[in-house]
Structure formats: C-alpha cells, structure tokens
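Residue strings, one per chain:
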Amino acid sequence: SIEKIILALVLTLVIINAEIDLSVASVMALAAATLAFTFEKGIPVPLGIVMALAVGVACGAFNGFWIARVGLPSLAVTLAGLIGFRGIARILVEDRSISGFPEWFNRLGQQPLVGPLPLSLIIFFVMLAITLVLLQSSAFGRYIYVIGNSKDVARYSGVKVVRVKFLLFVA
C-alpha cells in the first residue's frame, strides 16, 4: 500500500492549500492502464512507464487548469475527473487482465533494494524529506500555507496563486 501513502503525501499539500482532489485514485488507475496498454501493444516497459507518468501529469494539468485558471471548485472538477479518468482506463484495458510483464518489473517495488527497504519505501522517504523541506524551509511552502488561509490575501501579497494551485494539482 506504499503507493497510496505516496499519493496521500502529495495530496496533503493540496489539502493545506484548501483544495481537494478526489481523482487521485482514478489518475493512478489510468496511469497503470496506460502502462498495461502500451506493454500489450509491444512498447518497451521503460518507455511505457514514462508514458504512464506523462498521462498522470496531463491529468493533473487538466484538473489544475479548470481549478486554478478557470476558477471552478476543486470538488466538482476532481469528482468529474474521477469518473472520466476511470472511464478512459476502462476503455484502454476493458475487463481484461494484462500479464506477462518482465520479472524485473514485477519485483520492482517489492524486493529489498537497500538492506530490507524496497524501492517504493525509499521513494516514500525521499519524498517525505522533500515535502518537509518544501513546507518548512521554502517560499513555495509558505505560499501553500498562505493560499490555504486566504487566497485573496495571498494574491494581494504578490503570490502567484494560479501558478501554485496549478503546480500542486500537477504534482
């Protein structure tokens, strides 16, 4: 379940920013479906991973555009995204189970990489450290907090509110 903890870590930044993202699980499913679909079409797994990550960034940018730039409520936009992204994932893989991935890929997040720690846990600890430094020691972290407290005060103080919100949804 480490992937859910990693998502929750990034979602924490969105929540501090006084927004919500209900579509994170659907974006994760769409990225996984994209990887499976590309693998089934004969695309190498490393390239499929890059494509799956690009799909996740595109979904976040889509949500971020409607929320940050247009000004729609994040609850409505991400609820619609939840339904839409899940639907696209279902179109890609239908009701099929896609298997036959290389063994290295199947073991990627489960086998110990450094001592008893698997890659996924190492990624989590690195992201946790980055998040803590970001929130406690950077201007961007202060922007996240101030926008969460009052978007208008942040805007009048010179904070680029649209940019910060957009970047959080992309993340």
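Residues numbered from 1 in each chain as written. Predicted model: local features only at pLDDT ≥ 70, side-chain atom pairs only at ≥ 80, totals over all residues. Heavy atoms only, no water.

How should the overall build of the chain be read in this particular structure?
Assigned secondary structure in the chain consists of 9 helices and 2 strands. Ordered by position from the N terminus, the helices and strands of the chain form the series α-α-α-α-α-β-β-α-α-α-α. Taking the principal axes of its C-alpha atoms as reference, the chain extends roughly 55 × 40 × 20 Å. Taken over 171 residues, the chain has a buried fraction of 33%. In the chain, once contacts between residues fewer than 6 apart in sequence are set aside, the share between residues at least 24 apart is 66%. With the model as given, the accessible surface of the chain reaches about 10000 Å², and the carbon-plus-sulfur share is 69%. Taking the average location of the 13 positive side-chain charges in the chain and that of its 8 negative ones, the two points are 10 Å from each other. (Helix = DSSP H or I, 4+ residues; strand = E, 2+ residues; numbered from the N terminus. Buried < 20%, exposed > 50% of the residue type's maximum accessible area, 1.4 Å probe, protein only. Contact = heavy atoms within 4.5 Å. Areas by Shrake-Rupley, 256 points an atom, 1.4 Å probe, with all protein chains shown as cover. Lys, Arg positive; Asp, Glu negative; His and termini not counted. Charge placed at Lys NZ, Arg CZ, Asp CG, Glu CD.)

Looking at this model, I keep getting lost on the pattern of salt bridges. Mind explaining?
Two side chains of opposite charge can pair, provided their charged atoms sit close to one another. Counting across every chain of the model gives 6 salt bridges. Across the pair E40 and R96 runs a salt bridge, and its minimum N-O distance is 2.4 Å. Note that E40 is positioned in helix α2 (residues 24-40) and R96 in the loop between α4 (74-93) and α5 (103-107), a separation of 56 residues in sequence. Taking the shortest distance from any N to any O, the salt bridge between D95 and R90 comes out at 3.1 Å. Overlapping salt bridges, with partners in common, bring together E40, E94 and R96 in one network. (Salt bridge = Lys/Arg side-chain N within 4 Å of Asp/Glu carboxyl O.)

Is there a simple way to explain unusual backbone geometry in this structure?
A positive phi is found at A18, a non-glycine position, where the angle reads about 65°. Looking at the secondary structure, you find A18 in the loop between α1 (2-16) and α2. The backbone phi angle of E94 is positive, close to 55°, even though this residue is not glycine. Inspection of the secondary structure assignment puts E94 in the loop between α4 and α5.

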